[in-house]
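Listed here are the chains, written in short residue letters.
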Amino acid sequence: MHVFLAGSTGVLGRRIIPLLTGHGHQVTALTRRRGRAIMLHSLGAHPAVADAFEPESLAAAVKLAAPDVVMHQLTDLTSGTSASNAVLRARGTRNLMDAAHGAGVGRVISQSIAWAYAAGCGPAAEETPLDLGAAEPRLTTIRGIAALEQMTREAPQWVVLRYGILYGPDTWYAPRGGKAADARAGRLPADDNVTSFVHVDDAAAAAVQALTWPSGPVNICDDEPATGRAWVPAFCQAVGAPTPAGGNSNARQPWARGADNRHARTHLAWSPRFPSWRQGFHAMRPASPASKASR
């Protein structure tokens, strides 16, 4: 297949390109910056320079590529705010979908999130409604996701990948990431909120597998939703932060419930290499002096 990848230079895009080419697929990689063309070539992709916020240049790039699939991995995390990401999810997705329609693309795969579900007991399944009654600032995120998913459904064939919290190299949840800095500063509470994680490499592998999946939303997360009381101490140990004090047991947000990955595992044959954050966090820990000496 020929895949037009938007979000090619992000933490997932840089992993998805070599996986796609390794499976024999052709990749056209969207970037706003010509200076990144060399990097994209080195990964095995053909760069296309255009901006997701400029519909005419984006439409021309997609039409010229004439792909079989548009893969939407666009995010805006540089500001650290939900508002900028929501704008990209709404306007950027609209422009990308219009470009896909204009080029006659029959399949679209989009990145979404697995923590946008409404409150309830136990991990959320794909049929659980989104939390459109949330208060701000969460509502801004939910509306952005709802818009992205609704527009993705316009394609004849479509898959929405609802990722858990990404961790691993180059993410916020890495030894040099922002959450590690929070942990070292004592700003990461070990509370009762439930989180579903997914290792960044498992998330990238799911995007490639989704090329042949039937239309629908899919939770892409590991097997073990966990409270902060469980995962925060393990994360702190992995990144060299002090063990945190326990959080307020009454501080749980009603929507912080985690997500259920049984659909992906049972019906789509997706199996994460890191079935739990426990193994993934352990893999991030630095080698001991004894281990280094034995190499």
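Residues numbered from 1 in each chain as written. Predicted model: local features only at pLDDT ≥ 70, side-chain atom pairs only at ≥ 80, totals over all residues. Heavy atoms only, no water.

**Observations concerning the nonpolar core**
Generally speaking, nonpolar side chains in soluble globular proteins are found buried as a group. For the record, the criterion: Joining through side-chain atoms within 4.5 Å is the link that ties buried Ala, Val, Leu, Ile, Met, Phe, Trp, Tyr and Cys residues into a set, and such a set is a nonpolar core. Relative accessibility thresholds used throughout: buried, under 20% of the residue-type maximum; exposed, over 50%; partly exposed, between the two (1.4 Å probe, protein chains only). Put simply, DSSP H or I for four residues or longer makes a helix, DSSP E for two residues or longer makes a strand, and each gets a number counted from the N terminus. Every residue pair with non-hydrogen atoms within 4.5 Å of one another is taken to be in contact.
With 32 residues, the main nonpolar core has Leu12, Ile16, Met71, Ile109, Leu161, Trp213 and Ile220 as its most contacted residues. Contributing elements (two or more residues each) for this core: strand 1 (2–6), helix 1 (13–22), strand 2 (26–31), strand 4 (69–72), strand 6 (157–163), helix 7 (200–209) and strand 10 (216–220). Residue contributions to this core peak at six residues, all from helix 7. The residues touching isoleucine 16, leaving out its near neighbours within four places in the chain, are Leu5, Met71, Gln73, Ala204, Ala207 and Val208. In this structure, Ala6, Leu58, Met97 and Ala99 belong to the second largest nonpolar core, which totals 23 residues.

**Here's the deal with the sheet that holds strand 1**
Note the cut-off: Only strands that DSSP links by at least two bridges are regarded as paired with each other. Between N-to-C directions, angles cover 0 to 180 degrees, with each direction set by a line fitted to C-alpha atoms, over the stretch in contact for helices.
The strand order 3-2-1-4-5-6-10 describes an open sheet built from seven strands, whose pairing is parallel. Of all the strands in the sheet, the pair left with one neighbour each is strand 3 (46–49) and strand 10. Recorded for the sheet is a direction-independent mean angle of 20 degrees between the axes of neighbouring strands. The sheet contact formed by strand 6 and strand 10 spans five bridges and is parallel. By the bridge assignment for strand 10, leucine 161 is matched with valine 218.

**Thoughts on the packing of helix 4 (residues 82–102) against helix 5 (residues 138–152)**
What counts, and what does not: Any angle that falls under 35 degrees is termed roughly parallel, while one over 145 is termed roughly antiparallel, one within 65 to 115 roughly perpendicular, and all others oblique. Two helices crossing with the near one rotated counterclockwise from the far one by less than a right angle form a left-handed crossing, whereas a clockwise rotation gives a right-handed crossing. Charged means Asp, Glu, Lys or Arg here, nonpolar means Ala, Val, Leu, Ile, Met, Phe, Trp, Tyr, Cys or Pro, and polar covers whatever is left, Gly included.
Helix 5 packs onto helix 4 with a crossing angle of 15 degrees between their chain directions and a minimal axis gap of 8 Å. By the angle between their directions, the pair helix 4 and helix 5 is classed as roughly parallel. Where helix 4 crosses over helix 5, the handedness of that crossing is left-handed. Contacts between helix 4 and helix 5 involve Ser82, Ala83, Ala86, Arg89, Ala90, Thr93, Arg94 and Met97 from the former and Thr140, Thr141, Gly144, Ile145, Leu148, Met151 and Thr152 from the latter. Here the contact of helix 4 with helix 5 is built from residues that sort into seven nonpolar, six polar and two charged.

**Focus: the pairing of strand 1**
Residues in a regular strand point their side chains to alternate faces of the sheet. Under the convention used in this document: When the strands point away from the viewer, a crossover counts as right-handed if the path from the first strand over the helix to the second runs clockwise.
Within strand 1, five of the five residues are buried, leaving the element largely enclosed by the surrounding structure. Burial along strand 1 is two-sided: the face carrying His2, Phe4 and Ala6 and the face carrying Val3 and Leu5 are both buried. Taken together, the four bridges between strand 1 and strand 2 define a ladder with parallel strand orientation. The partner of phenylalanine 4 across the bridge, within strand 2, is threonine 28. Crossover connection from strand 1 via helix 1 to parallel strand 2: handedness right-handed. Direction of pairing for strand 1 relative to strand 4: parallel, over a ladder of four bridges. Paired with leucine 5 across the bridge in strand 4 is methionine 71.

**Considering the packing of aromatic side chains**
Where we set the bar: Note on aromatic pairs: the rings of Phe, Tyr and Trp (six-membered ring only in Trp) are paired at centre separations within 6.5 Å, and the planes decide the class, stacked below 30 degrees, edge-to-face beyond 60, tilted for the rest. Definition used: whenever NZ (Lys) or CZ (Arg) falls within 6 Å of the ring centre and also within 35 degrees of the ring normal, the charge is taken to sit over that ring.
Enumeration according to the criterion identifies 11 aromatic pairs in this entry. Between tyrosine 167 and phenylalanine 197, the aromatic rings sit 5.9 Å apart at their centres with planes inclined by 90 degrees, giving edge-to-face as the arrangement. Taken together, the residues span a long stretch of sequence, with tyrosine 167 in strand 7 (residues 165–167) and phenylalanine 197 in strand 9 (residues 197–199) at a distance of 30 residues. The pair formed by tyrosine 167 and phenylalanine 197 is uniform in burial state, with each residue classed as buried. Between the aromatic rings of phenylalanine 197 and tryptophan 231, the centroid separation amounts to 4.9 Å while the plane-to-plane angle is 80 degrees, which identifies the pairing as edge-to-face. Of the two residues, phenylalanine 197 is situated in strand 9 and tryptophan 231 in helix 8 (residues 228–239); the sequence distance between them amounts to 34 residues. Here phenylalanine 197 and tryptophan 231 have matching classes, each one buried. Pairwise contacts between aromatic rings join Tyr167, Tyr173, Phe197, Trp231, Phe235, Trp277 and Phe281 into one cluster. Note that arginine 138 overlies the ring of tryptophan 255, its terminal NZ or CZ placed 3.9 Å from the centroid.

**Observations concerning the pattern of salt bridges**
Working definition: two side chains of opposite charge can pair if their charged atoms are close together. Our working definition: Salt bridge, as used here, is a side-chain nitrogen of Lys or Arg placed within 4 Å of a carboxyl oxygen of Asp or Glu.
Applying the stated criterion to the full structure yields 14 salt bridges. Between arginine 187 and aspartate 182 there is a salt bridge, and its shortest N-O distance comes to 2.8 Å. Close ionic contact of arginine 278 with glutamate 224 constitutes a salt bridge, the shortest N to O distance being 2.9 Å. Taken as a pair, arginine 278 in helix 10 (residues 277–284) and glutamate 224 in the loop between strand 10 and strand 11 (226–227) lie far apart in primary sequence, 54 residues in all.

Any link to function would need more than the numbers given here.
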